[in-house]
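The residues making up each chain are set out below.
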Amino acid sequence: MIEPYDWAGGREAMLRFGPGSGPVVVAALPLFEEANRTRAFVVAILRALADRGIAGVLPELPGTGDSLIPTDRIAISDLRAGFAAAARTAGKRAYSLAVRSGALLDGTVMIRRRWHFAPQTGPELLRALHRMHRIDGMPGYGGHRLPESFLEELPECHLEPARTVRLDTDMRPSDHSVPGRPLWRLPEPTNDLTLAELLAADIAAWVQACEA
């Protein structure tokens, strides 16, 4: 089901899954090209959570996806404000589910707890954007024209405490690891329903523990 949510800069849309009451998981996709590679995967996680009786929403954030705000006006503050507004609209018992650079967006949001999958820091995202710029040689980054103010913000964007889950090939510290492929690095968008089920099971158990 598609619902609107309002933030200070206008109105955006969000997909809603699962029951209309109880705890709700608000998902933040990675930014830019990684969003295209992981959107179906995050939708699969939210559907698996709905099967477990846990609601979820996937908002279009300002300057991303089908938002009417162009990427050359994107700002971390607007992305965070949009995510916060979506969380408020979703319900009072909101939790975040953030993938990769989406983990940069839930730090200032009033939510119960945070859950991050393969989180990417601001400096890491900036390095990735610079690599993309060198590879494609086109104006902007991977076809996205980004304001300098956005790039200047990234070195100061860090991660808030969260339950952190990583792939078992990633040796950095985490609370849990799972087998699977880094979908955000594959050349074409794809999905991994087995991995989605593993992550949904972890999120569901975590939400239930937080609610207890």
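The structure this text deals with has already been given above.
Once a new chain begins, its residue numbering starts again from 1 and follows that chain's sequence as written. The model is predicted, so local features are restricted to residues of pLDDT at least 70 and side-chain atom pairs to those at 80 or more, both for listing and for counting; the totals for chains, interfaces and linings are taken over all residues. Derived side-chain values reflect all non-hydrogen atoms in the structure, with water molecules and hydrogen atoms excluded from consideration.

Focus on the overall build of the chain
The helix and strand labels rest on DSSP assignments: H or I over at least four residues marks a helix, E over at least two residues marks a strand, and numbering proceeds from the N terminus. Secondary structure assignment for the chain yields five helices and eight strands. Element order for the chain, N to C, with α for helix and β for strand: β-β-β-α-β-α-β-β-α-α-β-β-α. A compact globule built from 212 residues should have a C-alpha radius of gyration of about 17 Å, and the chain, at 16 Å, falls within 12% of that. The dimensions of the chain, computed from C-alpha atoms along their principal axes, are 50 × 40 × 30 Å. The 212 residues of the chain split such that 50% are buried. Element-wise, carbon and sulfur atoms account for 53% of the exposed surface of the chain, whose accessible area totals about 10,100 Å². Here the globule rule reads 2.2 Å times residues to the power 0.38, and the radius of gyration is calculated from C-alpha atoms. When a residue's accessible area, from a 1.4 Å probe over protein chains only, is under 20% of the maximum for its type it is buried; when over 50% it is exposed; and in between it is partly exposed. Surface accessibility in these figures is a Shrake-Rupley result with a 1.4 Å probe; residues are shielded only by whichever protein chains are displayed.

Some thoughts on the nonpolar core
Side-chain atoms within 4.5 Å are what join buried Ala, Val, Leu, Ile, Met, Phe, Trp, Tyr and Cys residues into a set we call a nonpolar core. Of all hydrophobic cores here, the largest spans 37 residues; its most connected members are Leu 79, Leu 129, Leu 146, Phe 150, Leu 151 and Leu 154. Among the secondary structure elements, those contributing two or more residues to this core are β1 (2–7), β3 (24–28), β4 (55–59), α2 (76–90), β5 (94–99), α3 (122–136) and α4 (148–153). The element best represented in this core is α2, accounting for eight residues. Those residues within four positions of Leu 151 in sequence are excluded, and the remaining contacts are Leu 126, Leu 129, Tyr 141 and Leu 146. Listed in part, the 34 residues of the second largest apolar core include Leu 49, Leu 97, Leu 183 and Trp 206. Contacts: residue pairs with any heavy atoms within 4.5 Å of one another.

Side note on the environment of Gly 107
With respect to the helices and strands, Gly 107 occurs in the loop between β5 and β6 (114–117). Along the backbone, Gly 107 and Cys 157 are 50 residues apart, and their C-alpha atoms lie at a distance of 9.4 Å. In contact with Gly 107, not counting residues within four places along its chain, are Arg 114 and Glu 160.

With respect to the packing of helix α1 (residues 33–51) against helix α5 (residues 193–211)
Angle between the axes and distance between the axes: these two values describe a pair of packed helices. Angles shown run from 0 to 180 degrees and are taken between the N-to-C directions of axes, each axis being a line fitted to C-alpha atoms and, for helices, limited to the stretch in contact. Close contact between α1 and α5 brings their axes to 8 Å; oriented N to C, the two are set at 50°. Looking at the two axes, α1 sits oblique to α5. As α1 packs across α5, the resulting crossing turns out to be right-handed. Contacts between α1 and α5 involve Phe 41, Ala 44, Ile 45, Ala 48 and Leu 49 from the first element and Leu 193, Leu 195, Ala 196, Glu 197, Leu 199, Ala 200, Ile 203 and Ala 204 from the second. Tallied by class, the residues present in the contact of α1 with α5 amount to twelve nonpolar, no polar and one charged. In these notes the angle categories are as follows: under 35 degrees is roughly parallel, over 145 is roughly antiparallel, 65 to 115 is roughly perpendicular, and the rest is oblique. Put simply, a crossing is left-handed when the front helix is turned counterclockwise from the back one by less than a right angle, and right-handed when it is turned clockwise. Gly is placed with the polar residues, together with every amino acid not listed as nonpolar (Ala, Val, Leu, Ile, Met, Phe, Trp, Tyr, Cys and Pro) or charged (Asp, Glu, Lys and Arg).

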